[in-house]
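Coordinate inspection notes
Chain residues, written in single-letter form:
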Amino acid sequence: MSADLRKAVVIGGVGVTGRAVIDHIDTLADWEAVGVSRRGPDWSTPTPFVSVDLLDRADCRAKLGAISDATDLVYAAYQPRATWAELVEPNLAMLCNAVEVIERVSPLRHVCLIQGGKAYGAHLGPFRTPARESDPRHMPPEFYYDQEDYLRGREGGADWTWTALRPEATSGFAVGNPMNLLMVIGVYAAMCREIGVPFRFPGKPGAYRALYQVTDARILARAILWSATEPRCAGEVFNITNGDYFRWQNLWPRLARFFGMEYDEPQMLSLAEFMADKGPVWDRIVERHGLRPYAYDQIVAWEFGDAVFESEFDNITSTIKARRFGFGDCIDTEDMFLELFDELQRSRILPAG
Ligand SMILES: NC(=O)c1ccc[n+]([C@@H]2O[C@H](COP(=O)([O-])OP(=O)(O)OC[C@H]3O[C@@H](n4cnc5c(N)ncnc54)[C@H](OP(=O)(O)O)[C@@H]3O)[C@@H](O)[C@H]2O)c1
């Protein structure tokens, strides 16, 4: 491997973040990747994958121990659990297992940890906005803090540095992941059309009007590689979003026009409850439109949609710090949604028209 070539072990390689990182690295001459997850990729990529259960330390040693030339570790794995407290142990263990094997066998230079809005308590209720990286922590448990403290504590005696990035509602395509707003909206629109009801915002009135933000997974992928190669990012935390804020009340009618659907006023319902019985409707859509045959429970996780659409307070962070440190990538969020939905339709994941 040439001295200038960087090689990233992408932990969580089939997730919404990891897949975007691998897709990005696949286009670059000076980066290589190895994907790590229990499943293999379900898309075409030159990047090799290693199938490992990160919760199993012996499995990590056996499988990751053979990666001798990694310079970077991108940590984007996630294990959902029922309570905030229960999230801590498995999510910390997976990070420890990955770092402690890779740093031993490879010339590791940088670890990029993916955090998110929960670092500001976005899951708890209103918080100071726009949130800055220097804002005080909320009351734990918070697995992001345990992961960050682990990296801070370990870095002293190590040859590598770390950076943490905080996206919100990472928007890209992945299958079987618990947090994917893009698929919630895309599948919900297709179901409304099939059932013959207008495309209504299904959340609370306050959520329709509040300021919100999202992160295009392609921007997050570029920020991850930037953090690995910009020395000033060592030991720093950055909010990474599209760079703008929006209100669903302005975006929803535009999405309705894109999907060619009738728009109507919001009507609140629990997606988790009301969409639970609609697997057969999805199967019908897949068959009639010749879509790729993803199972209903793999392509969308309605609970995440409920969490976002019930959130009646401004959920926005400041991206000034990242810009000051040199990362200026941005995208208009309305354009992002339309671009990504267009791509999902062309890839026969969502129905077109
Ligand atoms: N998605 C969002 O909207 C969002 C927004 C803000 C912050 N974040 C944060 O970003 C981070 C990454 O989230 P994400 O949404 O990109 O994740 P994701 O789509 O849920 O993907 C999780 C990845 O972790 C892998 N994984 C889970 N358990 C594993 C295990 N035991 N062994 C090996 N691999 C395992 C999964 O693959 P297998 O299942 O095949 O193992 C998958 O590749 C998380 O900390 C999340 O909180 C996400």
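Residues numbered from 1 in each chain as written. Predicted model: local features only at pLDDT ≥ 70, side-chain atom pairs only at ≥ 80, totals over all residues. Heavy atoms only, no water.

This structure, assessed with the given rule, holds 30 aromatic pairs. Seen from their ring centres, Phe127 and Phe313 are 6.2 Å apart, and the 80 degrees between their planes marks the pair as edge-to-face. With Phe127 in the loop between strand E5 (110–114) and helix H4 (143–155) and Phe313 in the loop between helix H12 (302–309) and helix H13 (320–324), the pair connects residues that are 186 residues apart, well separated along the chain. Considered together, Phe127 and Phe313 belong to a single accessibility category, that of buried residues. Arranged with centres 6.1 Å apart and planes meeting at 35 degrees, the rings of Tyr212 and Trp248 form a pair that is tilted. Of this pair, Tyr212 sits in the loop between helix H6 (205–209) and strand E9 (215–216) while Trp248 sits in helix H8 (residues 248–259), and the two are 36 residues apart along the sequence. Like Trp248, Tyr212 is buried. One cation-aromatic arrangement involves Arg19 over Trp43; the distance from NZ or CZ to the ring centre is 4.2 Å. A cation sits over an aromatic face here: Arg232 above Phe325, 5.0 Å from the ring centre. (Phe/Tyr/Trp six-rings, centres within 6.5 Å; stacked < 30°, edge-to-face > 60°. Helix = DSSP H or I, 4+ residues; strand = E, 2+ residues; numbered from the N terminus. Buried < 20%, exposed > 50% of the residue type's maximum accessible area, 1.4 Å probe, protein only. Lys NZ or Arg CZ within 6 Å of the ring centre and 35° of its normal.)

This part covers unusual backbone geometry. Cis rather than trans, the peptide bond between Thr129 and Pro130 has omega equal to -15 degrees. If you trace the backbone, Pro130 turns up in the loop between E5 and H4. Cis rather than trans, the peptide bond between Pro140 and Pro141 has omega equal to 15 degrees. As for its placement among the helices and strands, Pro141 is situated in the loop between E5 and H4. With phi around 60 degrees, Arg348 is a residue other than glycine that occupies positive phi space. Residue position: Arg348 is located in the segment after helix H14 (333–346). According to the relative accessible area criterion, Arg348 is partly exposed, its value standing at 42%.

Once that is clear, we can look at the pattern of salt bridges. This structure, assessed with the given rule, holds 25 salt bridges. A salt bridge links Arg254 to Glu334, with the shortest nitrogen-to-oxygen separation between them at 2.7 Å. A residue pair is termed long-range when its members are at least 10 positions apart, and Arg254 in helix H8 and Glu334 in helix H14 qualify at 80 residues. For Arg254, a relative accessible area of 25% corresponds to the partly exposed category. Arg254 is the salt-bridge partner of Asp335, the closest N and O atoms lying 3.5 Å from each other. With Asp335 in helix H14 and Arg254 in helix H8, the pair connects residues that are 81 residues apart, well separated along the chain. (Salt bridge = Lys/Arg side-chain N within 4 Å of Asp/Glu carboxyl O.)

The subject of this paragraph is the domain arrangement of the chain. Under the domain assignment, the chain is made up of domain 1 (6–169 + 215–239) and domain 2 (176–214 + 245–317 + 331–346). Look at where the C-alpha atoms of domain 1 and domain 2 centre, and you get two points 27 Å apart. Domain 1 puts 21 residues into the contact, and the matching count from domain 2 is 24 residues. Counting each side, the surface lost to burial between domain 1 and domain 2 is near 1,700 Å², with a carbon and sulfur contribution of 60%. Sorting the residues of domain 1 by area buried against domain 2 places Glu168, Ala169 and Arg218 first, and these three jointly supply 27% of that buried surface. Put simply, domain 1 and domain 2 have 1 salt bridge between them. (Domains from an automatic or database assignment. Contact = heavy atoms within 4.5 Å. Buried area = accessible area lost by both parts, 1.4 Å probe.)

We now examine the pairing of strand E6 (residues 161–166). Taken across its 6 residues, E6 has 5 buried, putting it largely inside the fold. Inspection of the sheet shows E5 paired to E6 by 5 bridges, in the parallel sense. Pairing of Leu113 across the sheet is with Ala164, part of E6. Sheet topology places E6 next to strand E10 (residues 236–239); 4 bridges connect them, and they run parallel. Considered in E10, the bridge of Thr163 is made with Glu236. (Pairing = 2+ DSSP bridges.)

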